[in-house]
Amino acid sequence: MPSSATATGIAFYARANLYSLPIRPELPIGEAEAEAARAHYRFSMEGTRIRWAEKWLAERSPVAVDAQWTLRLAPGIHYFLPAAGGLPPQARSLVDIREERAYFRVEVFPDGRPPTAEKVIRSRTLRHDYEYWNNGTLKHWHFETESSRGDEHFDQLGHALK
């Protein structure tokens, strides 16, 4: 296990090498870039160890915006609103919507153009969870996709157990 000084957190990537075990992140991006992308990967890292990895896809469709409440929103900013109950005027941050499967994304333009909005529906298409031996080799791999799931166990030398 990592020491308390080891960085722990979620990182976002545009791609991942799916041919390695554990899968490896490629092309780091910011959370705002990940949110705006059609697809992205999220990794939970503890130092250099990958604890879990996910692939997310987003479907986007334009929606009408109520001009009454957008007058109160500052221009030049993206707002994220919960999808349940329509378009309420209470905005959320990127971190607040990180686990939301559906939400509205509203952009208010600084040049006076009318705001735009889209409904975003996200789906997780894969998740991998990893557990390691004290020597750093992979001990357990759990995977889930839209159509399958499974587990693989490894000895301390990294060989798959039958």
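For the structure, check the block above.
Residues numbered from 1 in each chain as written. Predicted model: local features only at pLDDT ≥ 70, side-chain atom pairs only at ≥ 80, totals over all residues. Heavy atoms only, no water.

Colleague: Outline the pattern of salt bridges, listing residues and values.
Modeller: Inspection of every chain in the model, using the stated rule, returns 14 salt bridges. Two residues, Glu 35 and Arg 105, come together in a salt bridge whose shortest N-O distance is 2.7 Å. Here Glu 35 is found in helix α1 (residues 31-36), whereas its partner Arg 105 is found in strand β6 (residues 102-108), with 70 residues between them in sequence. When sorted by exposure, Glu 35 lands in the same class as Arg 105, which is buried. We note a salt bridge from Lys 139 to Glu 131, for which the minimum N-O separation is 3.8 Å. Owing to a relative accessible area of 29%, Lys 139 belongs among the partly exposed residues under this scheme. (Salt bridge = Lys/Arg side-chain N within 4 Å of Asp/Glu carboxyl O. Helix = DSSP H or I, 4+ residues; strand = E, 2+ residues; numbered from the N terminus. Buried < 20%, exposed > 50% of the residue type's maximum accessible area, 1.4 Å probe, protein only.)

Colleague: I'd like a rundown of the packing of aromatic side chains, residues and numbers included.
Modeller: Applying the stated rule across the entire model yields three aromatic pairs. Ring centres of Tyr 13 and Phe 43 lie 5.4 Å apart, and the angle between their planes is 85°; this geometry places the pair in the edge-to-face category. Taken together, the positions of Tyr 13 in strand β1 (residues 8-17) and Phe 43 in strand β3 (residues 39-46) put the pair 30 residues apart, joining distant regions of the chain. Where Phe 80 meets Tyr 103, the ring centres are 6.1 Å apart and the plane angle is 70°; that geometry is what we call edge-to-face. Within this pair, whereas Phe 80 is found in strand β5 (residues 77-82), its partner Tyr 103 is found in strand β6, the two being separated by 23 residues in sequence. (Phe/Tyr/Trp six-rings, centres within 6.5 Å; stacked < 30°, edge-to-face > 60°.)

Colleague: Break down the environment of Asp 151 for me, citing the residues and quoting the values.
Modeller: With respect to the helices and strands, Asp 151 occurs in strand β9 (residues 149-153). If we skip the residues at most four places from it in the chain, Asp 151 touches His 140, Trp 141, His 142 and Phe 143. Looking at Asp 151, its side chain comes within polar contact range of the side chain of His 140, at 2.7 Å. (Contact = heavy atoms within 4.5 Å. Polar contact = N/O pair within 3.5 Å; in protein donor to acceptor, adjacent residues only side chain to side chain.)

Colleague: Let's hear about the environment of Gly 112: which residues, and what values?
Modeller: Along the polypeptide, Gly 112 turns up in the loop between β6 and β7 (116-132). C-alpha separation for the pair Gly 112 and Gly 76, spaced 36 residues apart in sequence, amounts to 9.8 Å.

Colleague: Describe the nonpolar core, listing the residues and the values that go with them.
Modeller: Membership of the largest hydrophobic core comes to 15 residues, with the highest contact counts inside it found for Ile 23, Phe 43, Ile 50, Tyr 130, Leu 138 and Trp 141. Mapped onto this core, the elements with two or more residues apiece are β1, β3, β4 (49-63), β7 and β8 (138-145). When near neighbours in sequence (up to four residues on either side) are disregarded, Trp 141 contacts Leu 21, His 128, Asp 129, Tyr 130, Gly 150, Asp 151, Glu 152 and Phe 154. Core analysis: the next-biggest nonpolar cluster, separate from the first, contains eight residues, Phe 104, Val 106, Val 108 and Ala 117 among them. (Core = buried A, V, L, I, M, F, W, Y, C linked by side-chain atoms within 4.5 Å.)

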